[in-house]
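Residue-level structure breakdown
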Amino acid sequence: MFLSQTHIMNNQLNNQIIENASKVSRNLSSEELYEISHKNGEGQLSKHGALVVETGKHTGRSANDKFFVKEDDNEDKIHWGDTNVPISEENYQKIASSFLEFAKGKSIYAHDLMGGADRNHSLKVTIITEYAWHGLFARHLLVRPTSEEVDSFIADFTIINASDVKNLDYKIHGMNSEAFVIFHLEKKIAIIGGTEYGGEMKKGIFSVLHYILPQKGVLSMHCSANVDNNGENAALFFGLSGTGKTTLSTDPQRPLIGDDEHGWSENGVFNFEGGCYAKTINLDPNQEPDIYNAIRSGALLENVVFDKNTKEVDYSNGSKTENTRVSYPIDYIKNSVFAQGRPSSSGHPEKI
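About the criteria used
- Residues numbered from 1 in each chain as written.
- Predicted model: local features only at pLDDT ≥ 70, side-chain atom pairs only at ≥ 80, totals over all residues.
- Heavy atoms only, no water.
- Helix = DSSP H or I, 4+ residues; strand = E, 2+ residues; numbered from the N terminus.
- Buried < 20%, exposed > 50% of the residue type's maximum accessible area, 1.4 Å probe, protein only.
- Salt bridge = Lys/Arg side-chain N within 4 Å of Asp/Glu carboxyl O.

**Looking at unusual backbone geometry**
Despite not being glycine, lysine 188 shows a phi value in the positive range, around 60°. You can see lysine 188 is positioned in the loop between β9 (180–184) and β10 (189–193). Take lysine 188: its relative accessible area is 7%, and that puts it in the buried class. Notably, lysine 311 is not glycine yet its phi reads approximately 70°, a positive angle.

Shown next, in the form of structure tokens:
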């Protein structure tokens, strides 16, 4: 089991941040976070009701700014290199200490969620955010526990997203920029700073599951998946970001399991996530009607070109970034197994 006695160490930073905040809102609904985000000016509403936000300088993940604290336990389990860069315990502590100040006098949000629809292999995650829209994003992309699960929730891992905290001493710490995503696997915590891009939280949980699950004999996969109408004959679609996983798996004839991240256990395939994160550049309602129709009240659009007068979104305009995105709960796709009242899982796939 991933939860261990070091969970207490994890909570030390969490508790100090919560104590410093003027207000902590825990487990607000998606509807409440949507309203707060709009009220606080974090985003504007499109013609179809989606919340439109901008992520500033970073419109995608900062691949060169992801670090893992190197420990005795993970030294031989991580493929160290340009993607998985080691950082010392000392430098981690210096950066983490700056998080103690960021919450002073602020309202912050805490969200108890899960990575993994299969409860036998899911990771309980608490995500602490500075912005309400980051909480909405997290609720879209992770599995939302039942009320009974929330009542007995003890986190296995925590992500603290303080996007306004920048590492001005990054050169001294041997890092590449003011932005950082740092994982401390022993302390069961990740800290994010210097970037507002929501995808860092999503991929952060995938990274942790990618570390844990193979050690349990479960394959972690960057792929989409769907099944036939009988819930059988599962198919997996592998590919790098932007190569068509979401588009291909969102099939009117085959219910969707998930569009991006899955595990493959002895029982079959299960979705890591509770929502979808689709690219919207050149989105065509005729070619991708399910995704287009999911962009409605409660959905979250990132970095799209948006007419503030007409509230229309120009999906063909990539002047801000080609990586324009929309996130939404998976039941916004009517032809998904979850929307049909079934778990986001299937038996063993027959097609890859």
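That shown, we press on.
**Things to note about the pattern of salt bridges**
Summed over the entire model, instances satisfying the criterion amount to 15 salt bridges. Note that glutamate 149 and arginine 119 form a salt bridge whose closest N and O atoms lie 2.8 Å from each other. Taken together, the positions of glutamate 149 in helix α6 (residues 147–151) and arginine 119 in the loop between β6 (107–115) and β7 (123–129) put the pair 30 residues apart, joining distant regions of the chain. Judged by its relative accessible area of 37%, arginine 119 is partly exposed. For aspartate 260, the salt bridge identified is with lysine 202, shortest N-O distance 2.7 Å. Of this pair, aspartate 260 sits in the loop between β13 (256–258) and β14 (261–265) while lysine 202 sits in helix α7 (residues 199–212), and the two are 58 residues apart along the sequence. Here aspartate 260 matches lysine 202 in class, with each residue buried. A single salt-bridge network, built from bridges that share partners, covers Lys202, Lys203, Lys245, Asp260, Glu261 and Glu273.

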